[in-house]
Amino acid sequence: MPSSLSAAPPTAFHAAAAPPAIDVMFAVTSAWTVCLAVTLHSLARHSNPERNYRLWVVHDGLEEENMQELDKAVSGYPNAALQFMTIPGKLEQMLRRRDVKRFSALAYARLLAPSLFPRHSRIVYLDADTVLYADVAELYDTDLCGAAVGAVRDTAVLSSLVAGYPRRQLRKLQPLGLHDPFHYFNSGVLVLDLDRMREEDAEVRLLHVIEEHNELLEHPDQDALNIVFHRQIFPLPVEWNYHFQFELGKTDWKSPAQARNSPGFPTSTPPAPGSFST
């Protein structure tokens, strides 16, 4: 007897959207390639195999041998792709006119990220002397709550303020807009909302500070970021930019996660994985 039941329509299956790729930038001269190789390997080792990582190395003319060595650092991690790029000629000429003191002009690359990556909405910047022990995707995915920059407050500066000996550098920056030195942050680990930086015309403002007040800036890129984005950064957990020198001289070495629970260590920071900076 024929069935009176009609055939059910085929079930539609929709593949879940792939999570966005993780974009991370570095800026190095050839002298820093060994350090960067360590950073890249630590990043790849702690990466999520279900996410893709695009690692952008901005340089001023690395040799092919240097590039090959850096490629080896992420070999065995098919989800990590290394890309090399130089600063475009127009930007390079602009940087050459600026005195960067003891720093390479590449230190300014992080300030120019919106122009260097015009099709990107977000990027993580890491110094080449950083060792990660957690997935940088967690950093990339951080909700900045509308801020253009996410960064860790400079613990060395905080220590000097708590001890009652504010650094002379900070006193020089106060007339330029750094009214509350407790909000001074370190630029070695950054989450940059490139769309918001473009909306706020950040590059022009940053380069203006450097051009007009270069003689007062001890750390040109870092000081400029602190002046332009004073009290406007999203504070990242200190574990993402934990400086190794705080462990020197200790007889009972602790990991950053353990150290945050030690007496004298900031306890307002929520538990989070992160990275070491030398």
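See the structure above.
Attention shifts here to the pattern of salt bridges. Following the criterion strictly, the structure yields 7 salt bridges and no others. Linking Arg54 and Asp23 is a salt bridge whose minimum nitrogen-to-oxygen distance equals 2.7 Å. Residue Arg54 is found in strand S2 (residues 53-59), and its partner Asp23 is found in strand S1 (residues 22-28); the two are separated by 31 residues along the sequence. Judged by its relative accessible area of 35%, Arg54 falls in the partly exposed class. For Asp23, a relative accessible area of 2% gives the class buried. Salt-bridge contacts for Arg196 lead to Glu199; the nearest nitrogen and oxygen are separated by 3.2 Å. In this pair, Arg196 and Glu199 both sit in helix H8 (residues 194-199), 3 residues apart, roughly one turn of the helix. Judged by relative accessible area, which is 28%, Arg196 ranks as partly exposed.

This brings us to the packing of helix H9 (residues 202-213) against helix H10 (residues 220-228). As a packed pair, H9 and H10 sit with axes 9 Å apart at the nearest point and diverge in direction by 120°. One element, H9, and the other, H10, form an angle in the oblique class. Taken as a pair, H9 and H10 cross one another with a handedness that is right-handed. Residues Arg205, Leu206, Val209 and Ile210 of H9 touch H10, and the partners they reach there are Pro220, Ala224, Leu225, Ile227 and Val228. Among the residues forming the contact of H9 with H10, the class breakdown is 8 nonpolar, no polar and 1 charged.

How each quantity is defined
For every chain, the first residue of the written sequence is number 1, and numbering continues from 1 along that sequence. In view of the model being predicted, local features appear only for residues whose pLDDT reaches at least 70, and side-chain atom pairs are presented and counted only at 80 or more, with totals across whole chains, interfaces and linings using the full set of residues. The basis for the side-chain values is all heavy atoms of the structure; hydrogens and waters are excluded. A carboxyl oxygen of Asp or Glu within 4 Å of a side-chain nitrogen of Lys or Arg is what we treat as a salt bridge. What counts as a helix is a DSSP run of H or I of at least four residues, what counts as a strand is a run of E of at least two, and both are numbered from the N terminus. Burial classes follow relative accessibility: with a 1.4 Å probe on protein chains only, a residue under 20% of its type's maximum area counts as buried, one over 50% as exposed, and anything between as partly exposed. Every axis corresponds to a line fitted to the C-alpha atoms, with the helix fit spanning only the stretch in contact, and the corresponding angles, defined between N-to-C directions, vary from 0 to 180 degrees. Here the word oblique covers every angle except those under 35 degrees (roughly parallel), over 145 (roughly antiparallel) and from 65 to 115 (roughly perpendicular). By definition, any crossing whose near helix is turned counterclockwise from its far helix by less than a right angle is left-handed, and any crossing with a clockwise turn is right-handed. It only takes one pair of heavy atoms within 4.5 Å for two residues to be counted as in contact. In the scheme used here, Gly and all other residues not listed as nonpolar or charged are polar, with Ala, Val, Leu, Ile, Met, Phe, Trp, Tyr, Cys and Pro taken as nonpolar and Asp, Glu, Lys and Arg as charged.

All we've got here are geometric facts, nothing functional implied.
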